[in-house]
Amino acid sequence: MKDIAVMRKEVQDELVNDILPFWMNKMVDSENGGFYGRITGREKLMPEAEKGAILNARILWTFSAAYRLLKKPEYLETATRAKRYIIDHFYDKEYGGVYWSVDYKGEPLDTKKQIYALGFAVYGLSEYNRATGDEEALDYAIRLFESIEKYSFDAKKNGYCEALTREWGEIADMRLSDKDENERKTMNTHLHILEPYTNLYRVWKDKRLEKQLRNLIKLFTTKILNIRTGHLELFFDDDWVSKYRIISYGHDIEASWLIHEAALVLGDPEVLNKVEPLVEYIAAAADEGLAPDGAMIYETFVDKGKTDTERHWWVQAENVVGHVNLYQYFDDEVALQKAFRCWNFIKGHLIDRVNGEWHWSVFPDGSVNVNEDKAGFWKCPYHNGRMCMEIIERFE
């Protein structure tokens with residue numbers, strides 16, 4: 001199909017000529033090692049900004065996947081730089097796990113164990129192993145899997161707790177960020193354990209990992225998914241009681257394809273048969289967030305009757321992948337048109353043609369949000385880089 005071929009070429013150009021060069025040319029910290037912690041939305045490099053585990057793990061994943069796909073040596077070099085920095089500076093040699101952040105010189109800064117961050121480190125390290133066969137990366141990915149299972153998994157009530165102290169003790173503030181609620185169990189962390197466990201299972205067919213991957217798929221379909229609305233609930237107490245009515249459209253569409261991917265990689269027809277109707281159901285609910293311009297809005301606070309209609313970069317990237325997935329596996333032609341429309345929005349509004357990479361978001365009035373980072377703790381090459389690579393790979 002001509003339109004798909006055009007989009008595939010466009011996203012490959014975007015990946016190879018814009019996204020990846022931005023990180024290789026502007027974010028490599030030659031003085032203190034690894035990568036800089038931040039470039040502001042106004043293009044100001046902050047060389048002494050803290051360095052986040054999430055950013056570094058996502059750089060590792062992105063460049064490993066890019067090398068696996070496109071075999072360019074500079075991608076391997078960047079991925080290897082990220083792998084070394086995570087193992088040498090973020091991995092806690094005394095207690096295991098990874099620190100939440102280090103300072104610009106690579107010294108431990110925030111030493112809490114946020115399980116979300118451990119998940120992303122597993123994601124990046126398992127992808128590096130997948131791309132290169134490197135045993136050290138797999139060894140560290142397995143160590144982190146063991147830590148998550150030992151300290152975060154709730155064997156009594158099921159699921160994974162959010163965060164712990166450096167020594168794996170209870171911690172008062174478990175929030176992932178200031179925007180989040182302080183609850184023990186969240187959809188977001190479970191999604192980003194599901195995703196790395198799926199990837200780790202590709203390269204390490206371990207029985208316990210398989211069991212926990214099955215369990216995660218089940219948690220999504222029985223506890224996290226609100227079967228009445230098709231939306232995912234976001235915050236839970238220890239007993240899986242949902243605490244707030246918030247709809248995150250980007251997480252809905254992202255989860256629709258990540259849950260599907262997990263079931264496909266697991267390779268159990270029975271699980272797949274249960275999951276596939278729910279994949280379509282979750283994606284249909286996410287579509288309530290589609291705007292007339294083809295973009296997907298951010299979130300709705302149901303109880304407050306308030307909607308945030310900003311168009312965030314990561315939501316648009318996941319919106320494209322989720323709808324491409326519906327077309328690929330469910331022959332949904334309408335979904336493909338939604339993916340095209342969103343890609344057109346991205347090209348017209350989010351890609352920074354002057355300075356490279358994508359803007360954080362576009363406000364409802366169409367103006368660009370330059371108040372938030374261009375690169376930073378949360379602004380990484382993974383959502384948009386992955387969108388490009390998913391399309392390249394799915395339509396080879």
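The structure presented is a predicted model; accordingly, all values stated were derived computationally and were not measured.

Draft legend 1. Region of interest: the pattern of salt bridges. A complete count under the given rule lists 36 salt bridges for this structure. We note a salt bridge from lysine 185 to aspartate 238, for which the minimum N-O separation is 3.6 Å. Pair noted here: lysine 185 is in strand β6 (residues 185-186) and aspartate 238 is in the loop between β7 (235-236) and β8 (246-248), with a separation of 53 residues, a long-range link. On the basis of relative accessibility, which here comes to 23%, the residue aspartate 238 falls in the partly exposed class. Notably, a salt bridge pairs lysine 338 with aspartate 287, separated by 2.8 Å at the nearest N-O pair. Here lysine 338, found in helix α11 (residues 333-350), pairs with aspartate 287, found in the loop between α9 (269-286) and β9 (299-301); they are 51 residues apart in sequence, far enough to count as distant. With a relative accessible area of 26%, lysine 338 lands in the partly exposed category. Three or more residues are tied together by salt bridges with common partners; here these are Lys83, Arg84, Asp88, Asp134 and Glu136.

Draft legend 2. Main features of the sheet that holds strand β2 (residues 101-102). Pairing is antiparallel across the open sheet formed by 3 strands, whose spatial order is β1-β2-β3. Sheet topology places β1 (51-52) and β3 (108-110) at the edges, where each strand pairs with a single neighbour. Here β1 runs beside β2; their pairing, made up of 2 bridges, is antiparallel. Bridge pairing in β2 places lysine 51 opposite valine 102.

Draft legend 3. Looking closely at the sheet that holds strand β13 (residues 368-369). Reading across from one edge, β11-β12-β13 is the order of the 3 strands in this open sheet, with antiparallel pairing throughout. The sheet is open, and its two edges are formed by β11 (311-312) and β13, each paired on a single side. Two strands pair when backbone bridges link them, and strand β12 (residues 361-362) and β13 are joined in this way by 2 bridges, in the antiparallel orientation. When the sheet's bridge partners are listed, serine 361 is paired in β13 with asparagine 369.

Draft legend 4. Looking closely at the layout of surface pockets. There is about 900 Å³ of room inside the largest pocket. Lining the largest pocket are 36 residues, and of these Ser177, Lys179, Asp180, Tyr298 and Trp378 lie nearest its centre. Among the secondary structure elements, those contributing two or more residues to the lining of the largest pocket are α6 (187-203), β8, α8 (249-266), β9 and α10 (313-330). The wall of the second largest pocket is formed by 20 residues, among which Arg202, Glu261, Glu390, Glu393 and Arg394 lie closest to the centre. Contributions of two or more residues to the lining of the second largest pocket are made by α2 (53-70), α4 (115-132), α6, α8, α10 and α12 (382-394). If you tally residues by element for the lining of the second largest pocket, the top one is α8, at 5 residues. Looking at side-chain class alone, the lining of the second largest pocket contains 8 nonpolar, 4 polar and 8 charged residues.

Definitions and limits used
Residues numbered from 1 in each chain as written. Predicted model: local features only at pLDDT ≥ 70, side-chain atom pairs only at ≥ 80, totals over all residues. Heavy atoms only, no water. Salt bridge = Lys/Arg side-chain N within 4 Å of Asp/Glu carboxyl O. Helix = DSSP H or I, 4+ residues; strand = E, 2+ residues; numbered from the N terminus. Buried < 20%, exposed > 50% of the residue type's maximum accessible area, 1.4 Å probe, protein only. Pairing = 2+ DSSP bridges. 1 Å grid on protein atoms, 1.4 Å probe; cavity = no way out; pocket = protein on both sides within 12 Å on 5 of 7 lines; lining within 4 Å. Points joined across faces, edges and corners; volume = space filled by probe spheres on them. Nonpolar A, V, L, I, M, F, W, Y, C, P; charged D, E, K, R; others polar.

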